[in-house]
Amino acid sequence: MDWKDFFRKIFLIDLIKGLRLTFSYQRPDAIYTEQYPLERPPVAERYRGAPRLNNHPESGETLCIACNLCSIACPENLIVVGWARTEDRKKRLTTFTYDLSRCMFCGLCEDACPVDALELTQDFEIANYSREGMIWDRQALEEGPKPARYTR
Ligand code: SF4
Ligand code: SF4
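Residues numbered from 1 in each chain as written. Chains lettered and ligands numbered in written order. Predicted model: local features only at pLDDT ≥ 70, side-chain atom pairs only at ≥ 80, totals over all residues.

Participant: In this structure, what is going on with unusual backbone geometry? I would like to understand it.
Facilitator: Most of the time, phi is negative for any residue but glycine, and the peptide bond is trans. The amide bond that connects Tyr-36 to the next residue, Pro-37, takes the cis arrangement and shows omega of 10°. Its identity as a non-glycine residue notwithstanding, Leu-12 has a phi of 50°, on the positive side. Here Leu-12 lies in the loop between α1 (3-10) and α2 (13-24). Here the phi dihedral of Ala-66 falls at roughly 55°; this positive angle occurs in a residue that is not glycine. Position of Ala-66 relative to the elements: it lies in the loop between β1 (51-53) and α3 (69-73). (Helix = DSSP H or I, 4+ residues; strand = E, 2+ residues; numbered from the N terminus.)

Participant: What's the story with the site of ligand 2 in this structure? I'm lost.
Facilitator: The local shell around ligand 2 holds 13 residues, among which Cys-64, Cys-67, Cys-70, Cys-113 and Leu-118 are the closest. Of the residues assigned to the shell around ligand 2, the class counts are 12 nonpolar, one polar and no charged. (Near = placed C-beta within 6 Å. Nonpolar A, V, L, I, M, F, W, Y, C, P; charged D, E, K, R; others polar.)

Participant: Looking at this structure, how should I read α1?
Facilitator: Turn by turn, an α-helix covers 3.6 residues, leaving residues three or four places apart pointing in a common direction. Little of α1 is tucked away: zero of the eight residues are buried. Leu-12 lies just past α1 and shows a positive phi near 50°. (Buried ≥ 20, exposed ≤ 12 C-beta atoms within 10 Å, placed from the backbone.)

Participant: Help me understand α2 in this model?
Facilitator: With 12 residues, α2 extends 16 Å between its outermost C-alpha atoms, agreeing within 8% with the 16 Å of an ideal straight helix rising 1.5 Å per residue. Across the 12 residues of α2, zero count as buried, placing the element largely on the outside. (Expected span 1.5 Å × (residues − 1).)

Structure representation (structure tokens):
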């Protein structure tokens, strides 16, 4: 050990350097407090949150063609798609349920959808007081998430 290392250990230079770095983050101007829920924090662009069943923007008709691919793709089997045949033998969506309590937001259902009807949105406020409340029906899915807006 040379003299330089010796004095470095005696005078705790490394410890002091570490403490200086730690306390540099305690400056009032370096402290940032998120004002949630008054200000919602931005989430990552590819974040997958509450689901939505998209309707056509002009006609308002559902984009879902009741192909059931999302349900088949889901490893949790939590999507149930109901349909009926019309007189011209076309499939029409009747019901759609999505059990959020079992969803792991992997996005496989969204990827499987051939018409971009099912979308996992960026809304992250999906807590509910009951298990039943976590099962979203077609109406809830078509209306999409309604994040609460808080004001003082
Ligand atoms: S995100 Fe994953 S777990 Fe959730 S419904 Fe879609 S496929 Fe199933
Ligand atoms: S994959 Fe898309 S179009 Fe097919 S049933 Fe699911 S949401 Fe509807």
